[in-house]
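Chain by chain, the residues run as shown.
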Amino acid sequence: MRLLPPPLSRALGPGSAPRTPGPWRSPLRGPWLTSVFGAVLLAGIPVVFVTGLLSYAAYNPDLAPVNDKTPDKGLLGFYLFSWPTDPYWLYRLTQGVHVTLGIVLVPVLLAKLWSVVPKLFTLPPVRSVGHALDRLSLLLLVGGGLFEFLTGVLNVQIAYLFPGSFYPLHFYGAWVFFGALLAHVGLRLPRTVRALRGRDLWAELRTPTSRTRPEPADDSGLVAERPAEPTVSRRGALGTVGLGSLALLVVTAGQSIGGPLRRTALLAPHGRDPGSGLGGFQINKTAAFARIRPRDIGGDWRLTVRGGGHRRVLTLDELLALPQHRSALPIACVEGWSTDDQQWEGVRLADLAALVGFHTAPPGVFVESVQAAGSFRSVVLRDNQVRDHRSLLALRVNGAPLTEDHGRPARVIVPGAPGVMNTKWVGRLGFGEAAWRA
Ligand SMILES: Nc1nc2c(c(=O)[nH]1)N[C@H]1C(S)=C(S)[C@@H](COP(=O)(O)O)O[C@H]1N2
Ligand SMILES: [Mo]
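The model shown is predicted, which means the values in this text are computed figures rather than measured ones. (Residues numbered from 1 in each chain as written. Chains lettered and ligands numbered in written order. Predicted model: local features only at pLDDT ≥ 70, side-chain atom pairs only at ≥ 80, totals over all residues. Heavy atoms only, no water.)

**With respect to the pattern of salt bridges**
Piece 1. Scanning all chains against the criterion turns up 17 salt bridges.
Piece 2. We note a salt bridge from R382 to D62, for which the minimum N-O separation is 3.0 Å. Pair noted here: R382 is in the loop between strand 6 (378-381) and helix 12 (383-387) and D62 is in the loop between helix 2 (31-57) and helix 3 (90-104), with a separation of 320 residues, a long-range link.
Piece 3. R382 gets classed as buried once you look at its relative accessible area, which sits at 9%. (Salt bridge = Lys/Arg side-chain N within 4 Å of Asp/Glu carboxyl O. Helix = DSSP H or I, 4+ residues; strand = E, 2+ residues; numbered from the N terminus. Buried < 20%, exposed > 50% of the residue type's maximum accessible area, 1.4 Å probe, protein only.)

As C-alpha cells, this is what we get:
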C-alpha cells in the first residue's frame, strides 16, 4: 500500500488514509502540532491587526491629503474615528503592542508554515471547486502573512527595500491577510478544536524524544507517510519556538517600555544610547538628515501663524514672551520605539490659535516645518488635539532650549498621538480647514 503514489492510495477509499509523501518525513508534523501553532497565532494576530488599524486611525487620515497615506482606502476606512489625546501614552501602548507582538509572533508563524509545508506539494493540486477555493485562500493567507510580517519588520528596521510607500502596502496587505485568515479559521476551526482535544498538551510536554511517536494517520495531509526517527520531541519543538519568541520579546520590548529596559532593546535600529545630557533621548531624523540649513532655524527664523483671515509673524523672543506651559509627554513612533516622558516647555497651541482670533473652541491646525524636502515635514492636527492644554509648540525640553536635532527652535508635541504628529523645525501654523484644503 505504501508503495502506491498518494493520489492512488487516496482513491482506494476510507481504509487508506493518505499520508504525506516525499521528502517530508518529520514525525512531529500532524494536525495537533499545527493546531497548537495555529491557536497561538489566532490569539495574537487579531491583536496585531486591530492595533495596526488603530495606528492608521491615529494619523487622522480623514482630515487632509497631507495625513492620508492611503488615499484610495474607500470602504476600508469605515472605522476611522477622532484619535483621542487621553491617555497621553495611548499610541505608545497601542503601537508598542503592535510592533512587539508582531515581532514576537515571527517564530510561531515560521513554525506554523514549516508544519504545513507538505500541503503545498500535495497532488493533484486541485481536486474540486471547493478545494480550489480553499487553496486560493491559503495562497492569500500565506502570501499575505509573509508580506505583512516582512514589510512590518523592514519598516521597523527602517530598511525600505519594498517598492512604493509602506503605508498603503501594509494597510491593504493587512486586509487581504486578515480576510484570508477569517476564511481559514472558518474552514479549519472544527478540525483544529478536534486536534487540540485529541492530545494532552501537558502530557506532550513531558514526553521525551525517545517516546515521541508520529500522530495517527488521518486525512489532514500533514502526517508523514514514512516518518523518520524523531530527533526532537514535540516538547523540544514547542520549546524552541517559545524560546525564540521569548528572546525576540526580550531584545525588542525595551524600545517601547523604556526606562532601564531600553538597554535590552538590542534589535532596536535606533540604538540603545540616545546620547547623554538633557536632550539625550531618541532622535529619529537629525537636522542634517532632514537637510535643515542653520540659517533656516537661526536668528532670522520666524513663526507665521495664519487662520480666520488673520496672519501673525513672531520671532523666537516674542514666542518666549507668551505664557509658557509645561507638559510631560513621550514621543512614540510608528516603528515601535518610544521615549520616556520628557519635560516639554512652550506655548499652548490653543494660545497660538487665539492670536489669530480663535479664542474659544479653536479648529484643527496645519503644521508646516521649514524642512524643504522629505516625508513627514507637515501634518494636520485635529481640533481635539489643538484644544488639549498639554499640546504645545515646544521651545524647550528638559530645562534647556531644543537642540538642533530635536527641532530647534520650535516643535509640536501632542498627547496620545504618533510621533509623526510632533513636527520639528516648525515654520508655519495654519488654523482652520482653509489652511490645508487650499
Ligand atoms: N520636520 C520633521 N518633523 C518630524 C519628522 C520629520 O521627518 N521632519 N519626523 C517625525 C517622526 S516620524 C517622528 S517619530 C518624530 C521623531 O522625533 P525625534 O526625531 O525627536 O525623536 O518626529 C516627527 N517630526
Ligand atoms: Mo515616526
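Now that the structure is up, let's keep going.
**Remarks on unusual backbone geometry**
Piece 1. Omega for the peptide link from D86 to P87 comes to -10°, which places this bond in the cis form.
Piece 2. The residue P87 is located in the loop between helix 2 and helix 3 in this model.
Piece 3. In this chain, R408 is followed by P409 through a cis amide linkage whose omega measures 0°.
Piece 4. Turning to its location among the elements, P409 is positioned in the loop between strand 8 (400-401) and strand 9 (411-413).
Piece 5. The phi dihedral of R291 falls on the positive side, at around 55°, and the residue is not glycine.
Piece 6. With respect to the secondary-structure elements, R291 resides in the loop between helix 9 (254-257) and strand 1 (303-307).
Piece 7. The backbone phi angle of F376 is positive, close to 65°, even though this residue is not glycine.
Piece 8. Mapping F376 onto the fold places it in the loop between strand 5 (365-369) and strand 6.

**Thoughts on the site of ligand 1**
Piece 1. Lining the immediate environment of ligand 1, one finds 19 residues, of which Q282, N284, Q371, R411 and K424 sit closest.
Piece 2. Here an oxygen atom of ligand 1 and a side-chain polar atom of K285 are 3.2 Å apart.
Piece 3. Between ligand 1 and S369, the relevant distance is 3.4 Å, taken from a nitrogen atom to a side-chain nitrogen or oxygen of the residue.
Piece 4. Burial of ligand 1 by the protein chains amounts to 99% of its free accessible area of 540 Å².
Piece 5. In this structure the site holding ligand 1 corresponds to the largest pocket. (Near = heavy atom within 4 Å. Polar contact = N/O pair within 3.5 Å; in protein donor to acceptor, adjacent residues only side chain to side chain. Areas by Shrake-Rupley, 256 points an atom, 1.4 Å probe, with all protein chains shown as cover. 1 Å grid on protein atoms, 1.4 Å probe; cavity = no way out; pocket = protein on both sides within 12 Å on 5 of 7 lines; lining within 4 Å. Sits in = over half its atoms within 2 Å of the grid points.)

**Let's talk about the sheet that holds strand 6**
Piece 1. Strand order across the open sheet formed by 5 strands is 2-1-10-5-6, with mixed pairing between neighbours. The open sheet terminates on both sides in strands that have one partner only, identified here as strand 2 (310-314) and strand 6. Averaged over all pairs of adjacent strands, the angle between strand axes in this sheet comes to 15°, irrespective of strand direction.
Piece 2. Here strand 1 runs beside strand 10 (residues 426-431); their pairing, made up of 4 bridges, is parallel. If you follow V305 over to strand 10, its bridge partner there is L429. (Pairing = 2+ DSSP bridges. Axes fitted to C-alpha atoms, helices over the stretch in contact; angles between N-to-C directions.)

**Observations regarding a nonpolar patch on the surface**
Piece 1. Together, V129, L133, L136, L139, L140 and V176 make up a nonpolar patch on the protein surface, roughly 590 Å² of accessible area in all.
Piece 2. Among the elements that line the nonpolar patch, the one with the most residues is helix 5 (residues 129-156), at 5 residues.
Piece 3. By the element assignment, L133 lies in helix 5.
Piece 4. With a relative accessible area of 54%, L133 lands in the exposed category. (Patch = residues over 30% accessible without salt bridge, like charges linked within 9 Å, V, L, I, M, F, W, Y side chains within 5 Å.)

**Re the pairing of strand 1**
Piece 1. Burial analysis of strand 1 places 4 of its 5 residues in the buried class, the great majority of the element.
Piece 2. Alignment of strand 1 against strand 2, held across 5 bridges, turns out to be antiparallel. Looking at the pairing, R306 lines up with R311 of strand 2.
Piece 3. Counted between consecutive antiparallel strands, the loop separating strand 1 from strand 2 contains 2 residues, among which G308 sits at a positive phi close to 55°.

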